[in-house]
Amino acid sequence: METSDVIQLALIGISQGCGYALVAIGFVFIYRATEIINFAHGELMMLGAFMVLTFAQIWGLNFWLSACLGILSLGVFGYLLDAVVMRRIVGESQAIIFILTVAIALMLRSLAGIIWGWSPRSLDVPFMQDVQIGGIVLGMDRIAIILGTILLCALLYWFFSRTRTGLAIQASSQSQLAAYYSRIPVKRLISVVWAIAAMVAAVAGLMMAPVTQVDTGMSAFGIKAFAGAVVGGFGSIPGALLGCLLIGLAEPFLDFFFPAFKGVYAYIIMLVVLFIRPEGLIPQTFAKKV
Amino acid sequence: MSALLDVRNVETFYGPIMAIAGVSLAVNAGQIVTVLGANGAGKSTLLKTISGAIDCRKGQVLFEDKEIQNRDPDVVAARGIGHVPEGRDVFPFMTVEENLLIGAYGRGDRDAVKRDFETVYQYFPDLKTKKHDRAGFLSGGQQQMLAIGRAFMGRPRLMLLDEPSLGLAPLLTQTIFQIIRRINGEQGVAVLLVEQNAHAALEVAEHGFIMEVGRIVMDAPSPELMASDDVKEFYLGQSSEGIRGERRWKKRKTWR
């Protein structure tokens, strides 16, 4: 293996990790705000990709407009998912919540299959061409994922630490009752968190679409993102980013050198980390703000 | 004149268990009123029922002549009730300043908010020096100050204080109570104070209620309560001596 190959694999891995990270951030947002682990998050990502596909290729709208519409529609969907369904099970046992989110995941996947068909479709994005930098060939789509993730993380960091709504969301996740006493409409803000998480997932779906194709199997991506979040220490945003990058980065190399277990390395890494460091790489305790 | 807060025959349940069995009390504007009682008497539940954290099954809560029972707590808070919860409950990962800012959530008057920051720092100079520290790293007393400051930032007309002396050294308790009295006097905020520390509470309060197992068993102006034999014995820890000089452990409370 030459250096350029290593760099290429590493860049592919990082971009993959960024994709996982976008989904994992959503997991963590929802978990911190409501203590619900949303196993339907991969499905939200899939839905996002399908929505963009619908706007762009079935309705024939301009790509960027379709992207915005797709992301917004997922925001509305996430908001309603909480306001109509999830809000009702607050306070139920984890088992019930788990079953509900898995059921939603299955329903969304079947629904998507019925509406858009079960065979993979490709989404044409304007950032498809390959770039060559000193012997390394890299797809623009990969670079777009990395840049998009950095931008989005910066935006989210700004939102949660600088804006009033962001601070109020932080407050609600730290002490719900005290937030209520401070006039914060906690229920509505939790729905907003769902909307944000769904929109971030939609961005992930949109950006991974050129790499993975759009189909119902895309939702499996969510499980790997979940593994990344666990590796990082569930509930911590920097942990989720780190865990996902780690998994994304390790995958192509492990697949390359030991192809026997291709595709399951994310889970193997999760198991190993859980054995060595059950609290995750960056546990949630006093480590971080957002 | 009708009372600022008027609680009428409220009954609150935890599942099948009745925690408050028909409580009525009133707080006038600008007044400090205390509710005393032992653990489990239902004092905190009463405050939570007033601020909407728990729904009551019967009765009414009127604030400024409007019914507020069984509303969401954020709605009740917006009406002008600031609840300082038991155990402070500050936002641990946020700085002191951010905590206070959250206290002013939902207020549009930015200049007034800025002035209120100064007011809070003037009451609690400790908070000013720690304003960029995380609330979780503050001492218990400072957290209590922060919790009071946070509620004050909402500019309430009534503050509900749930055991502000809990776990604090006597000297610190005194400081906190002095500031409660100052906030009441200087800002005209009425206070409903729930306490186990009967002595400190009766010193600042105008009127007192005594709660036992979900009922109000006594209610009188503070000086009168302080003079009452039952209160002295059971809440102030003073004992009257029997004829043979021994404590009458088995003396019955007159309200039973």
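Residue numbering note: each chain is counted from 1, following its sequence as written. Both sets of labels track the order of writing: A upward for chains, 1 upward for ligands. At least 70 in pLDDT is required for a residue's local features to be given in this predicted model, at least 80 for side-chain atom pairs to be given and counted, and no such filter applies to totals for whole chains, interfaces and linings, which use all residues. Calculated side-chain values reflect all of the structure's heavy atoms, with hydrogen atoms and water omitted.

**Points about the overall build of chain B**
Step number 1: Within chain B, the secondary structure is distributed over 10 helices and 10 strands.
Step number 2: Computed over C-alpha atoms, the radius of gyration of chain B comes to 19 Å, within 12% of the 18 Å expected from 2.2 N^0.38 for 256 residues, which places it in the range of a compact globule.
Step number 3: Its C-alpha atoms put chain B at 65 × 40 × 35 Å along the principal axes.
Step number 4: Of the contacts formed within chain B by residues at least 6 apart in sequence, a portion of 65% connects residues at least 24 apart.
Step number 5: By the counting scheme adopted, Arg and Lys are positive, Glu and Asp are negative, and His together with the chain ends is not counted. Where a charge sits is defined by one atom per residue type, namely NZ (Lys), CZ (Arg), CG (Asp) or CD (Glu). Of the charged side chains in chain B, 32 are positive and 32 negative; the average position of the first set lies 2 Å away from that of the second. Secondary structure follows DSSP: runs of H or I at least 4 residues long count as helices, runs of E at least 2 residues long count as strands, and numbering of each begins at the N terminus. What the globule rule says is 2.2 Å times the number of residues to the power 0.38, and the radius of gyration is computed from C-alpha atoms. We call two residues in contact whenever any of their non-hydrogen atoms come within 4.5 Å of each other.

**Focus: the nonpolar core**
Step number 1: Among buried residues, those of type Ala, Val, Leu, Ile, Met, Phe, Trp, Tyr and Cys that are joined through side-chain atoms within 4.5 Å constitute a nonpolar core. For every residue, the accessible area (1.4 Å probe, protein chains only) is compared with the maximum for its type, and the residue is labelled buried under 20%, exposed over 50%, or partly exposed between those bounds. Within the largest apolar cluster, 91 residues are counted, with the highest numbers of intra-cluster contacts made by Phe29, Met45, Leu123, Leu156 and Ile184 of chain A together with Ile102 of chain B.
Step number 2: Per-element accounting of this core gives the leading share, 17 residues, to helix α8 (residues 186-212) of chain A.
Step number 3: Excluding residues within four positions of it along the chain, Leu123 of chain A makes contact with Val52, Leu53, Gln57, Leu206, Ala209 and Val214 of chain A.
Step number 4: Tyr121, Met153, Ala198 and Leu236 of chain B belong to the second-largest nonpolar core, a separate cluster that totals 46 residues.

**What about the sheet that holds strand β1 (residues 5-14) of chain B?**
Residues and elements named next belong to chain B.
Step number 1: Pairing between two strands is assigned when DSSP locates at least 2 bridges connecting them. One open sheet holds the 4 strands; their spatial order is β2-β1-β4-β5, and the pairing between them is antiparallel. At either end of the open sheet lies a strand with only one pairing partner, and these are β2 (17-27) and β5 (66-67).
Step number 2: The pairing of β1 with strand β4 (residues 58-63) spans 5 bridges and is antiparallel. Each residue of the ladder has a partner; that of Arg8, found in β4, is Gln60.
Step number 3: Every angle, taken between N-to-C directions, lies between 0 and 180 degrees, and every axis is a line fitted to C-alpha atoms, over only the stretch in contact when it is a helix. Taken strand by strand, helix α1 (residues 43-51) contacts β1, β2 and β4, and its axis lies near 110 degrees from that of β1.

**Re the packing of aromatic side chains**
Residues and elements named next belong to chain A.
Step number 1: Stacked, tilted and edge-to-face pairs are distinguished by plane angle, under 30 degrees for stacked and over 60 for edge-to-face with tilted covering the rest, among Phe, Tyr and Trp rings (Trp via its six-membered ring) whose centres lie within 6.5 Å. Here the structure, examined in full by the defined rule, presents 16 aromatic pairs over all chains.
Step number 2: Centre to centre, the rings of Tyr31 and Phe234 are 5.1 Å apart; their planes meet at 80 degrees, and the pair counts as edge-to-face. Taken together, the positions of Tyr31 in helix α1 (residues 3-34) and Phe234 in the loop between α9 (220-232) and α10 (237-257) put the pair 203 residues apart, joining distant regions of the chain.
Step number 3: Between Phe63 and Trp64 the ring centres are 5.1 Å apart and the planes differ by 80 degrees, which places this aromatic pair in the edge-to-face class.
Step number 4: For Trp64, a relative accessible area of 51% gives the class exposed.

**Regarding the UniProt feature "transmembrane region" (unreviewed entry) in chain A**
All names here are of chain A.
Step number 1: Mapped onto this numbering, the UniProt entry annotates "transmembrane region" (unreviewed entry) at residues 6-31, 38-58, 64-85, 97-119, 139-160, 189-209, 221-249 and 256-276.
Step number 2: Summarising residues 221-249: 86% helix, 0% strand, and an end-to-end C-alpha distance of 15 Å.
Step number 3: Secondary structure across residues 256-276 divides into 67% helix and 0% strand, with the first and last C-alpha atoms of the span separated by 25 Å. UniProt positions are given in the numbering used here, feature names are shortened, and annotations may be inferred rather than shown by experiment.

**Structural notes on the side chain of Thr95 of chain B**
Residues and elements named next belong to chain B.
Step number 1: Structurally, Thr95 is set in the loop between β6 (81-84) and α3 (96-103).
Step number 2: Given the relative accessible area of 15%, Thr95 is considered buried.
Step number 3: Sequence-distant contacts of Thr95, that is, excluding residues within four places in its chain, are made with Lys131, His132, Asp133, Arg134 and Ala135.

**With respect to the interface of chain A and chain B**
Step number 1: Taken together, the contacts link 24 residues of chain A with 28 residues of chain B.
Step number 2: Carbon and sulfur atoms make up 63% of the area that chain A and chain B hide from each other, which totals about 2,500 Å².
Step number 3: Each reported salt bridge corresponds to a side-chain nitrogen of Lys or Arg within 4 Å of a carboxyl oxygen of Asp or Glu. Along the contact surface separating chain A from chain B lie 1 salt bridge.
Step number 4: Between Asp72 of chain B and Lys187 of chain A there is a salt bridge; the shortest N-O distance is 3.6 Å.
Step number 5: Between N or O atoms, a polar contact is any pair within 3.5 Å; within protein, one atom must be a potential hydrogen donor and the other a potential acceptor, and residues adjacent in sequence are included only when both atoms are from side chains. The tally of links from chain A across to chain B stands at 5 residue pairs in polar contact (both at pLDDT 80 or more).
Step number 6: Those elements that place two or more of their residues in the side of chain A that touches chain B are α6 (164-174), α7 (176-181) and α8 of chain A.
Step number 7: For the side of chain A that touches chain B, the leading source of residues is α6 of chain A, giving 6 residues.
Step number 8: Three classes are used: nonpolar for Ala, Val, Leu, Ile, Met, Phe, Trp, Tyr, Cys and Pro, charged for Asp, Glu, Lys and Arg, and polar for all others, with Gly counted as polar. Grouping the amino acids of the side of chain A that touches chain B by side-chain chemistry returns 12 nonpolar, 7 polar and 5 charged. Put simply, buried area is the surface a 1.4 Å probe can reach on two separate parts but cannot reach once they are joined, added for both.

**Some points on unusual backbone geometry**
Residues and elements named next belong to chain B.
Step number 1: Despite not being glycine, Arg88 has its phi angle at roughly 60 degrees, a positive value.
Step number 2: Summarising the element assignment, Arg88 is placed in the loop between β6 and α3.
Step number 3: The backbone phi angle of Glu163 is positive, close to 45 degrees, even though this residue is not glycine.
Step number 4: Following the sequence through the fold, Glu163 ends up in the loop between β7 (158-162) and α7 (170-187).

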